[in-house]
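Geometric and topological summary
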Amino acid sequence: LVMNGQTFAGMIETELDQTGMPCYLSQGEFEQMIPEGWTKVTDLYRDSDGQYLGPAAGICSCLVQAEQDGLDGIFCVPCDAPFFEAGMIGKLQQFITDDTDAVCIRTSDGHIQTVFGWYSVRCIKPMVNALQTGNRKLITILEQINFKIIDAADAGISEHCFTNINRAEDYKKYC
């Protein structure tokens, strides 16, 4: 989708490129254009009918690639969040310790933003186990590991960054 003359993916790409970190793009059901310098990651995990398993599978697949690339973890951003700001990553980094497996933000409405956050490669095994038993919900996977929930206000992160545009009426509202 396009907003202010730029695609959502382009807006997120611009922000992520500012970080200088390696960037992975999880690709499930839809073929996507991969930004220059990014790594395309095809989802490794599917159900018995060959269907993709959603965000948990995409994050897990990217973690597998990150581990192969020698990284300890990755920051995740969904593709439908055009208001994401790269500064969020630096604010989340202060909450990561050596024994932290994941860090996600809770917005003022109590919603835990599981697809925005930091995930350690130590999450791979519990995620694979969950996906293989049919559990696709990130929050239930996160409850099985050393997971930190940080309030957006405590981290100094604007909740506008978490705005997902999934429906036509949302698109009209923001565009």
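Residues numbered from 1 in each chain as written. Predicted model: local features only at pLDDT ≥ 70, side-chain atom pairs only at ≥ 80, totals over all residues. Heavy atoms only, no water.

This next bit is on the overall build of the protein chain. Across its full length, the protein chain carries 7 helices and 8 strands. Whereas a compact globule of 175 residues would reach a radius of gyration of roughly 16 Å, the protein chain reaches 16 Å, a difference of no more than 12%. When the backbone C-alpha atoms are referred to their principal axes, the protein chain occupies close to 40 × 40 × 30 Å. Long-range pairs, those at least 24 residues apart, make up 60% of the contacts in the protein chain between residues at least 6 apart in sequence. Of the roughly 9,400 Å² that the protein chain leaves accessible, carbon and sulfur atoms contribute 48%. Distance between charge centroids for the protein chain: 5 Å, based on 12 positive and 24 negative side chains. (Helix = DSSP H or I, 4+ residues; strand = E, 2+ residues; numbered from the N terminus. Rg over C-alpha atoms; globule rule 2.2 N^0.38 Å. Contact = heavy atoms within 4.5 Å. Areas by Shrake-Rupley, 256 points an atom, 1.4 Å probe, with all protein chains shown as cover. Lys, Arg positive; Asp, Glu negative; His and termini not counted. Charge placed at Lys NZ, Arg CZ, Asp CG, Glu CD.)

Right, let's get into the confidence of the model for the protein chain. Confidence in the prediction for the protein chain averages 90 pLDDT; 99% of positions are at 70 or higher. Within the protein chain, no element has a lower average pLDDT than strand β1 (residues 2-3), which sits at 80, and none a higher one than strand β6 (residues 102-106), at 96. (pLDDT = per-residue confidence, 0-100.)

This brings us to the environment of Lys-40. Structurally, Lys-40 is set in strand β4 (residues 39-42). As a C-alpha pair, Lys-40 and Cys-62 span 22 residues in sequence and 8.9 Å in three-dimensional space. Setting aside chain neighbours within four positions, we find Lys-40 in contact with Leu-25, Gln-27, Glu-31 and Ile-34.

Let us look at the sheet that holds strand β8 (residues 147-151). Taken together, 4 strands build an open sheet; the order of strands is β5-β7-β6-β8 and the sheet is mixed. With one partner strand each, in any of the chains shown, β5 (73-76) and β8 form the two edges of the open sheet. For this sheet, the mean inter-axis angle between neighbouring strands, taken without regard to orientation, is 25 degrees. Strand direction decides the pairing type here: β5 and strand β7 (residues 112-120), joined by 4 bridges, are antiparallel. In the strand pairing of β7, Phe-75 is matched with Trp-118. (Pairing = 2+ DSSP bridges. Axes fitted to C-alpha atoms, helices over the stretch in contact; angles between N-to-C directions.)

Locating Thr-114 in the fold gives a position in strand β7. Sequence-distant contacts of Thr-114, that is, excluding residues within four places in its chain, are made with Ile-59, Cys-104, Tyr-119, Leu-138, Ile-139 and Leu-142.

Glancing now at the pattern of salt bridges. Opposite charge on two side chains makes pairing possible when the charged atoms of those side chains draw close. If you walk through the whole model with that rule in mind, you get 5 salt bridges. A salt bridge links Arg-136 to Asp-47; the shortest N-O distance between them is 3.5 Å. Note that Arg-136 is positioned in the loop between α4 (124-132) and α5 (138-142) and Asp-47 in the loop between β4 and α2 (55-68), a separation of 89 residues in sequence. A residue is classified by how much of its surface remains accessible, and Arg-136, at 40% relative accessible area, is partly exposed. Across the pair Asp-151 and Arg-106 runs a salt bridge, and its minimum N-O distance is 2.7 Å. Pair noted here: Asp-151 is in strand β8 and Arg-106 is in strand β6, with a separation of 45 residues, a long-range link. Owing to a relative accessible area of 29%, Asp-151 belongs among the partly exposed residues under this scheme. (Salt bridge = Lys/Arg side-chain N within 4 Å of Asp/Glu carboxyl O. Buried < 20%, exposed > 50% of the residue type's maximum accessible area, 1.4 Å probe, protein only.)

Despite not being glycine, Asn-4 shows a phi value in the positive range, around 50 degrees. Tracing the chain through its elements places Asn-4 in the loop between β1 and β2 (6-7).

Counting 30 residues, the largest nonpolar core has Tyr-45, Leu-63, Tyr-119 and Met-127 as its most contacted members. At the level of secondary structure, the elements contributing two or more residues to this core comprise α2, β5, β6, β7, α4 and α5. Examining the composition of this core, we find that 8 residues originate from one element, α2, more than from any other. Not counting residues within four places of it along the chain, the set of residues in contact with Met-127 comprises Ala-56, Ile-59, Cys-60, Leu-63, Leu-138 and Ile-141. With 20 residues, the next largest nonpolar core counts Ile-89, Ala-152, Ile-157 and Phe-162 among its residues. (Core = buried A, V, L, I, M, F, W, Y, C linked by side-chain atoms within 4.5 Å.)

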